[in-house]
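Residue strings, one per chain:
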Amino acid sequence: KVSHGVAMSAARWLEGLMPFHDAAIAAGHYGGHRIDQRGDQTNTDAADQTDADRAQLKASQVWTYGARLGNSPGGFPVLAEFAAWARASGICVIAVPASFLGREDYARRASEAEFYKSLASRVQATGIPFVGDPYDFMYPNDWFFNTDYHLLRSARTAHTQRLAKTLGEPPRRSCVTS
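A.B. asks: Help me understand the overall build of the protein chain, please; the structure alone is not making it clear to me.
C.D. replies: The helix and strand tally for the protein chain stands at seven helices and four strands. Across its three principal directions, the C-alpha atoms of the protein chain cover 50 × 45 × 35 Å. Counting every atom, the protein chain has about 11,500 Å² of accessible surface; 57% of that belongs to carbon and sulfur. Charge separation in the protein chain, taken as the distance between the mean sites of 19 positive and 18 negative side-chain charges, equals 4 Å.

In structure tokens form, the structure reads like this:
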């Protein structure tokens, strides 16, 4: 297959079809051993945080997506291909902002502010509806377990409620059907 002018060798294509032999994760915070019957991560209450978890969260970096993207198309052309495939396959895809540790730099730095302000239009240009404002899904430190993406259980509940409100009833109203 050729994607964006890059051909994939037959050897690489066959490698992608081979079974993935990765050891099962049986220790640590993340893995199947820490998923409940609903598919939620367990052991992520504030009381479960260790000093190492708090230190890891405190050390998390300020991301510079806007500066790194600049005028580059980034992964948006690939996203557009996926959107076309999904639409042709009758699949509804709706993009929403990720839960994210809020930092002043995301509003203060011009390149980052522009990135977050333009994210919805960039995604929508791929053919995928984007619902929500990224800044509304940037949360304070005390909502996170050990990284700038992993919410505490209590925060996941609040985030899910915010997400449901943002999507509205019914969520499929945002789908592009043709």
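A.B. asks: Help me understand a nonpolar patch on the surface in this model?
C.D. replies: The grouping of Trp13, Leu14 and Leu17 at the surface amounts to a nonpolar patch, some 340 Å² of accessible area in total. With respect to the helices and strands, Leu17 occurs in helix α1 (residues 10–17).

A.B. asks: Would you explain helix α6 (residues 110–124) in this entry?
C.D. replies: An α-helical turn contains 3.6 residues, so any two residues separated by three or four positions project in the same direction. Relative to the 21 Å expected for 15 residues at 1.5 Å per residue, α6 spans 22 Å between its end C-alpha atoms, a close match to the ideal helical length. Along its length, α6 reaches its greatest deviation from straightness, about 50°, at Ser118. For α6, the elements touching its buried residues are α3 (65–69), α4 (76–88), β3 (100–101), α5 (105–108) and β4 (138–139).

A.B. asks: I keep staring at the packing of aromatic side chains and nothing clicks. Help me out?
C.D. replies: The geometry of an aromatic ring pair comes down to the distance between the two centres and the angle between the two planes. Throughout the structure, instances matching the rule amount to eleven aromatic pairs. With a centroid separation of 6.4 Å and an interplanar angle of 45°, the aromatic rings of Phe100 and Tyr116 are classed as tilted. Of this pair, Phe100 sits in strand β3 while Tyr116 sits in helix α6, placing them 16 residues apart in sequence. One aromatic cluster is present, formed by Trp63, Tyr65, Phe100, Tyr106, Phe115, Tyr116, Tyr135 and Tyr149 through successive ring pairs.

A.B. asks: I would appreciate a short explanation of the pattern of salt bridges in the present structure.
C.D. replies: Note that side chains of opposite charge can pair when their charged atoms are close. A complete count under the given rule lists seven salt bridges for this structure. The residue Asp51 makes a salt bridge to Arg54 at a minimum N-O spacing of 3.0 Å. Taken as a pair, Asp51 and Arg54 lie in helix α2 (residues 51–58) at a separation of three residues, close to a single helical turn. A residue is classified by how much of its surface remains accessible, and Arg54, at 38% relative accessible area, is partly exposed. With a shortest N-O distance of 2.2 Å, Arg108 and Asp105 are connected by a salt bridge. With a gap of three residues between them, Arg108 and Asp105 both fall in helix α5, about one helical turn apart. For Arg108, a relative accessible area of 57% gives the class exposed. Overall, Asp105 belongs to the buried group, its relative accessible area being 11%. Sharing partners across several salt bridges, the network here consists of Glu104, Asp105, Arg108 and Arg109.

A.B. asks: Would you mind showing me how to read the side chain of Glu112 here?
C.D. replies: Mapped onto the elements of the fold, Glu112 is located in helix α6. Arg109 provides the closest opposite charge to the buried, salt-bridge-free Glu112, at an N-O distance of 5.3 Å. For Glu112, the residues in contact, after removing those within four places along its chain, are Trp63, Thr64, Tyr65, Gly66, Ala67, Asp105, Tyr106 and Tyr135.

A.B. asks: Teacher, can you tell me more about α4 here?
C.D. replies: The first and last C-alpha atoms of α4 sit 18 Å apart over 13 residues, in line with the 18 Å expected at 1.5 Å per residue. Here α4 has its buried residues at Phe76, Ala83 and Ala86. Angular distribution of buried residues about the axis of α4 spans 75°; they occupy a single face of the element. Along its buried surface, α4 packs onto α3 and α6. Positive phi appears at Gly90, one or two residues downstream of α4, with a value of about 75°.

A.B. asks: What am I meant to see in the nonpolar core here?
C.D. replies: The nonpolar side chains of a soluble globular protein tend to be buried, and buried together. Among the nonpolar cores identified, the biggest contains 14 residues, and Phe100, Tyr106, Tyr116, Leu119 and Val123 are the most heavily contacted of them. Among the elements of the structure, α4 and α6 are those that each provide at least two residues to this core. For this core, the element with the most residues is α6, which contributes four residues. If we skip the residues at most four places from it in the chain, Tyr106 touches Gln61, Val62, Trp63, Phe100, Leu101, Glu112, Ala113, Tyr116, Tyr135 and Met138. Leu101, Tyr139, Phe145 and Leu152 belong to the second largest nonpolar core, which has nine residues in total.

Procedures and definitions
- Residues numbered from 1 in each chain as written.
- Predicted model: local features only at pLDDT ≥ 70, side-chain atom pairs only at ≥ 80, totals over all residues.
- Heavy atoms only, no water.
- Helix = DSSP H or I, 4+ residues; strand = E, 2+ residues; numbered from the N terminus.
- Areas by Shrake-Rupley, 256 points an atom, 1.4 Å probe, with all protein chains shown as cover.
- Lys, Arg positive; Asp, Glu negative; His and termini not counted.
- Charge placed at Lys NZ, Arg CZ, Asp CG, Glu CD.
- Patch = residues over 30% accessible without salt bridge, like charges linked within 9 Å, V, L, I, M, F, W, Y side chains within 5 Å.
- Salt bridge = Lys/Arg side-chain N within 4 Å of Asp/Glu carboxyl O.
- Expected span 1.5 Å × (residues − 1).
- Bend = angle between axes of the 7 residues up to and from the residue.
- Contact = heavy atoms within 4.5 Å.
- Phe/Tyr/Trp six-rings, centres within 6.5 Å; stacked < 30°, edge-to-face > 60°.
- Buried < 20%, exposed > 50% of the residue type's maximum accessible area, 1.4 Å probe, protein only.
- Arc of directions from axis to C-beta.
- Core = buried A, V, L, I, M, F, W, Y, C linked by side-chain atoms within 4.5 Å.

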